[in-house]
Amino acid sequence: MLILSPKEEEESTEIREHDLGIIGLGPGGLTSAIYASRAGIDVVCIGRDYGGQMGLALEIENYPGFENISGIELTDKMREQAEKFGTKIVYGEVDKAEKTNDNKYLIKTDMGNYLVKALILATGGRHRELHIPGEKEFVGKGVSYCATCDAAFFKEKTVIVVGSGDAAATGTLALAAVGAKKIYWVSRSDYLKCERIYIERANSKDNIEILYNKLATEIKGTNTVEEVLFEDGTSLKVDGIFAEIGAIPNIEIAEMLGVELDEGLIKIDDDCNTNVPGIFSAGDVTSKIRNPLSRQITTSIGLATIAALTAAEYLEARFTTQ
Ligand SMILES: Cc1cc2nc3c(=O)[nH]c(=O)nc-3n(C[C@H](O)[C@H](O)[C@H](O)COP(=O)(O)OP(=O)(O)OC[C@H]3O[C@@H](n4cnc5c(N)ncnc54)[C@H](O)[C@@H]3O)c2cc1C
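Let me sum up the structure you'll find in this document. For clarity, every value in this text was computed on a predicted model and none was experimentally measured.

Contact geometry for helix H2 (residues 27-38) and helix H8 (residues 297-319): axes closest at 8 Å, N-to-C directions at 40 degrees. Where H2 crosses over H8, the handedness of that crossing is right-handed. Note on element contacts: H8 touches H2 through Ile-297, Ser-300, Ile-301, Ala-304, Thr-305, Ala-307, Ala-308 and Leu-309, opposite Pro-27, Gly-28, Thr-31, Ser-32, Tyr-35 and Ala-36. Along the lines of polarity and charge, the residues of the contact of H2 with H8 split into nine nonpolar, five polar and no charged.

The next thing to look at is the pairing of strand E13 (residues 225-230). For strand E12 (residues 216-221) and E13, the ladder comprises five bridges, and the chain directions are antiparallel. Opposite Lys-220, over in E13, you have Glu-227 as the bridge partner. Two successive antiparallel strands, E12 and E13, enclose a turn made up of three residues. By the bridge criterion, three bridges tie E13 to strand E14 (residues 235-237) in an arrangement that is antiparallel. In the strand pairing of E14, Leu-229 is matched with Ser-235. Between the end of E13 and the start of E14, which pair antiparallel, lie four residues, with Gly-233 showing a positive phi angle near 90 degrees.

Okay, unusual backbone geometry next. One non-glycine residue, Glu-156, adopts positive backbone phi at about 60 degrees. Along the chain, Glu-156 falls in the loop between helix H4 (147-150) and strand E9 (158-162). One non-glycine residue, Cys-272, adopts positive backbone phi at about 70 degrees. With respect to the helices, strands and loops of the structure, Cys-272 is situated in the loop between strand E18 (265-266) and strand E19 (279-281). With relative accessibility at 0%, the residue Cys-272 sits in the buried group.

Here we take up the site of the ligand. Around the ligand, a shell composed of 33 residues is seen, among which Gly-28, Asp-49, Gln-53, Val-94 and Gln-296 lie nearest. A distance of 2.9 Å separates a nitrogen atom of the ligand from a polar backbone atom of Val-94. Thr-123 places a polar main-chain atom, nitrogen or oxygen, 3.5 Å from an oxygen atom of the ligand. Taking 1000 Å² as the accessible area of the ligand by itself, protein coverage stands at 93%. If you list the elements that add at least two residues to the shell around the ligand, you get H2 and H8.

Here is what the cut-offs are and how they apply
- Residues numbered from 1 in each chain as written.
- Predicted model: local features only at pLDDT ≥ 70, side-chain atom pairs only at ≥ 80, totals over all residues.
- Heavy atoms only, no water.
- Axes fitted to C-alpha atoms, helices over the stretch in contact; angles between N-to-C directions.
- Helix = DSSP H or I, 4+ residues; strand = E, 2+ residues; numbered from the N terminus.
- Left-handed = near helix turned anticlockwise from the far one by under 90°.
- Contact = heavy atoms within 4.5 Å.
- Nonpolar A, V, L, I, M, F, W, Y, C, P; charged D, E, K, R; others polar.
- Pairing = 2+ DSSP bridges.
- Buried < 20%, exposed > 50% of the residue type's maximum accessible area, 1.4 Å probe, protein only.
- Near = heavy atom within 4 Å.
- Polar contact = N/O pair within 3.5 Å; in protein donor to acceptor, adjacent residues only side chain to side chain.
- Areas by Shrake-Rupley, 256 points an atom, 1.4 Å probe, with all protein chains shown as cover.

Here is the structure:
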């Protein structure tokens, strides 16, 4: 158990005040932070992981200005730029958020509490699970949700990548690049939803086999993954399985604050306003990016720019005395 000294205890319950709170350290959150802090706003930007989903991308080839850059490198650049303009970055989990009587927002995190006058939710998404027997049992023992993160552990191994979108495509190629012996790229339907260029690259590799109309139903093994069963009665002997089947929007904080949703995404207008005055939203978590294929860094940062500028106008109108 962590025992805090009286001073540390006092610091952990202390409320730090900022003009604008941003939840999300992905490209959306960091872009809003750059714009807002550059406009002279006192910003705190909070996230539980570095770079959000962007931080998981091994290689990014479609971010303008960079032919090829890793997600971590791009995150470093965005974070440095935000910090240069004065953004306070906090690595922490937001457990609770509530409106105060004076129309501010109190954000409670495991790294302390923050009181802000306006809030941008750029909370993005997290990986979706397969929900099949054996999955939970073998997480970290052959079951992974991020091929670009864990590919290196599967050199000379046989693996399955489940999914049909860009994450499954780039994961499959990452596994091929680290020297996996054989990669079965498995789609539950008769098509792949990813960019065409990825399919062409996969088809050019001897160690990748694309299988269509295959639904994984069970993962079996003793200490680690050994076999995956499919609905059609077939099975594959493998050392690992990567579930790359998309993201679930992180809407828990929005729900706590009474923010209206639209089909499970944060509902925003053209200026990135939510239904709650003083709360704005941007990126993958919003109703503006409905098509999963359009959930990209560039689309996220476009909305994040709008959210920051709208939040700046709100702060100016509501909190600046003439
Ligand atoms: C493996 C992979 C490869 C990809 N490759 C590309 C690519 O090549 N090109 C491209 O354009 N796009 C790519 N994408 C998609 C791109 O990364 C996303 O569209 C983009 O990151 C969305 O940005 P965002 O800021 O909206 O959300 P996210 O990146 O999801 O960031 C959300 C942030 O919110 C934080 N958060 C959420 N809830 C809480 C909470 N309760 N407390 C604290 N923090 C919280 C998270 O920690 C995170 O920091 C890839 C995605 C993946 C997974």
